[in-house]
Amino acid sequence: MWISYIFLCVSLLNSLHDFHVSSCDLNCPDKPVFTPSRLVVKYGDPASVNCSVCQNCKSNFKLEIPVGTQETNGSLISWTVDQLTEWGLNPTCYHVDDAGHQCCSILPVTLYKPPDNVGLNIKGNSWVMSEGQNITLKCSVQNVAPVENLRVTFYSGHRQLGQKRSNKKREKPESDTFELYFSPTKEDDGGEFRCEAELLLGPDGPQPPPVVKSQNFPATVFYEPDLSGASHPSPTVLTEGNPLELNCSAVGNPSPTYTWTGPSGVSSTKSSVLIINSTTTEDKGQYTCFVHNNQGNVTVKFDVDVKRDYTIYYIVAGVIGAVLLILLVVIIYFKYYKNTKMGQYNLKDVLRFHRQHSAVPTEL
């Protein structure tokens, strides 16, 4: 019987509490003011807030909250709690006028809890994949509150793969799993995959928002050869005797192998670079580099034109022409010199003879 009375009293108290909340006027002009206007508290941390009522409401006012301690100083109510661990609190501050009208304000309280653990796994449990393959990543977040404020981000190295939000709405801690579908590229090879759980609590919450990260998982992505240059470069024109160097370097996983063919058939080199130290006109033609691994292959074609070097012929012709010119000059010179000398000798004899026989006697 006494137990029945106790239950009846508890029910009446709950009814009175519900009466206060349900009959509150939240739009009255003199409603109480909370400072701060919103409370964001980490689970287990201390908290405090003040409620001030109008100056003419010095009596018949109250702050309803089931935990912590309160102090009243005039029209100000101060509330503090050492460790806030109660979920779903709605602190209500109100005053009642002489007509019994309740004027109320409700303090928004967000009690948050970062995840206990964040884990990342992949469908098939293998971090070895091929480019273009359909991959499913799963990020599991355990015991986080409020889950509706949670944002999960997937990463490959520094590259963001995507984000997910929870569809659940619950104030108490909740676990959730988020899936992301994506296709890896060669940029993901060697990258470390992870997911991050971030609580977005608004400007009144902690800044930056609390983040819990999963373990990093290095991945191997197989992809076909990717050329460093063009698959059909511009034609190469050179003169015989000059060196020839053709490059068809590529990256791939596994590392690609190289096979060369040219005008003379298959080359023995297995390198990405084909070198001919001194070319001849027989090296003229098309060269093909076949790049391949177990993911695919690609072909590079080079057109090479080797022109004959006529420089030696020009030099020989020049030398011969110079020799002939010199001989001609010598012949002309000696011939002219001989004629000139002979003419000089004849003139001297004539002058000498003339002087000898043209003397005038001094006496008659």
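Up top is the structure these notes are about.
The model shown is predicted, which means the values in this text are computed figures rather than measured ones.

Another point: the sheet that holds strand β26 (residues 285-293). Taken in spatial order, the five strands line up as β20-β27-β26-β23-β24 in an open sheet, and their pairing is mixed. Here the strands that pair on one side only, and so sit at the sheet edges, are β20 (236-239) and β24 (265-266). Taken together, the nine bridges between β26 and strand β27 (residues 296-307) define a ladder with antiparallel strand orientation. Bridging from a neighbouring strand, V291 pairs with V298 of β27.

Right, let's get into the environment of L111. As for its placement among the helices and strands, L111 is situated in strand β9 (residues 109-112). Measuring from C-alpha to C-alpha, the distance between L111 and L39 comes to 8.2 Å, with 72 residues separating the pair along the chain. With residues near it in sequence (within four places) discarded, L111 still touches V41, K42, Y43, L84, T85, E86, W87, A145 and P146.

Our focus in this paragraph is the side chain of D176. Tracing the sequence through the fold places D176 in strand β15 (residues 174-182). As a buried residue without a salt bridge, D176 has its nearest oppositely charged side chain in K168, at a separation of 4.1 Å. For D176, the side chain forms a polar contact with the side chain of S166, separated by 2.7 Å. Excluding its chain neighbours within four sequence positions, the residues that come into contact with D176 are C139, S140, V141, V147, S166 and K168.

With that settled, consider the packing of aromatic side chains. Applying the stated rule across the entire model yields five aromatic pairs. With a centroid separation of 5.2 Å and 10° between ring planes, the pair formed by Y43 and W87 is classed as stacked. Of this pair, Y43 sits in the loop between β2 (39-42) and β3 (47-52) while W87 is found in the loop between β6 (76-81) and β7 (92-96), placing the two residues 44 residues apart along the sequence. Plain terms: the ring middles of F182 and F193 are 5.8 Å apart, the flat faces sit at 45° to each other, and that makes the pair tilted. Placement of F182 in strand β15 and of F193 in strand β16 (residues 192-199) is noted, with a sequence separation of eleven residues between them. Within the aromatic cluster, the residues linked to one another by ring pairs are W127, F182, F193 and F217. R194 extends its terminal NZ or CZ atom over the ring of Y155, reaching a point 4.4 Å from the ring centre.

With that settled, the discussion passes to the state of the cysteines. Taken as a whole and assessed by the stated rule, the structure comprises five disulfides. The disulfide that involves C24 links it to C104, with 1.9 Å between the sulfurs. The sign of the -65° torsion about the S-S bond sets the C24-C104 disulfide as left-handed. With a gap of 80 residues between them, C24 in the loop between α1 (2-22) and β1 (33-35) and C104 in strand β8 (residues 102-106) connect regions that are remote in the sequence. Of the two residues, C24 and C104, both sit in the buried class.

Scanning the entire structure with this criterion turns up 14 salt bridges. Measuring nitrogen to oxygen at the nearest pair gives 2.7 Å for the salt bridge that ties R151 to E198. Here R151, found in strand β13 (residues 150-156), pairs with E198, found in strand β16; they are 47 residues apart in sequence, far enough to count as distant. Note on R151: relative accessible area 23%, which makes it partly exposed. A relative accessible area of 16% places E198 in the buried class.

The rules behind each value
- Residues numbered from 1 in each chain as written.
- Predicted model: local features only at pLDDT ≥ 70, side-chain atom pairs only at ≥ 80, totals over all residues.
- Heavy atoms only, no water.
- Pairing = 2+ DSSP bridges.
- Helix = DSSP H or I, 4+ residues; strand = E, 2+ residues; numbered from the N terminus.
- Contact = heavy atoms within 4.5 Å.
- Buried < 20%, exposed > 50% of the residue type's maximum accessible area, 1.4 Å probe, protein only.
- Lys, Arg positive; Asp, Glu negative; His and termini not counted.
- Salt bridge = Lys/Arg side-chain N within 4 Å of Asp/Glu carboxyl O.
- Polar contact = N/O pair within 3.5 Å; in protein donor to acceptor, adjacent residues only side chain to side chain.
- Phe/Tyr/Trp six-rings, centres within 6.5 Å; stacked < 30°, edge-to-face > 60°.
- Lys NZ or Arg CZ within 6 Å of the ring centre and 35° of its normal.
- Disulfide = S-S within 2.5 Å.

Honestly, that's just the spatial picture; any functional story needs more than this.
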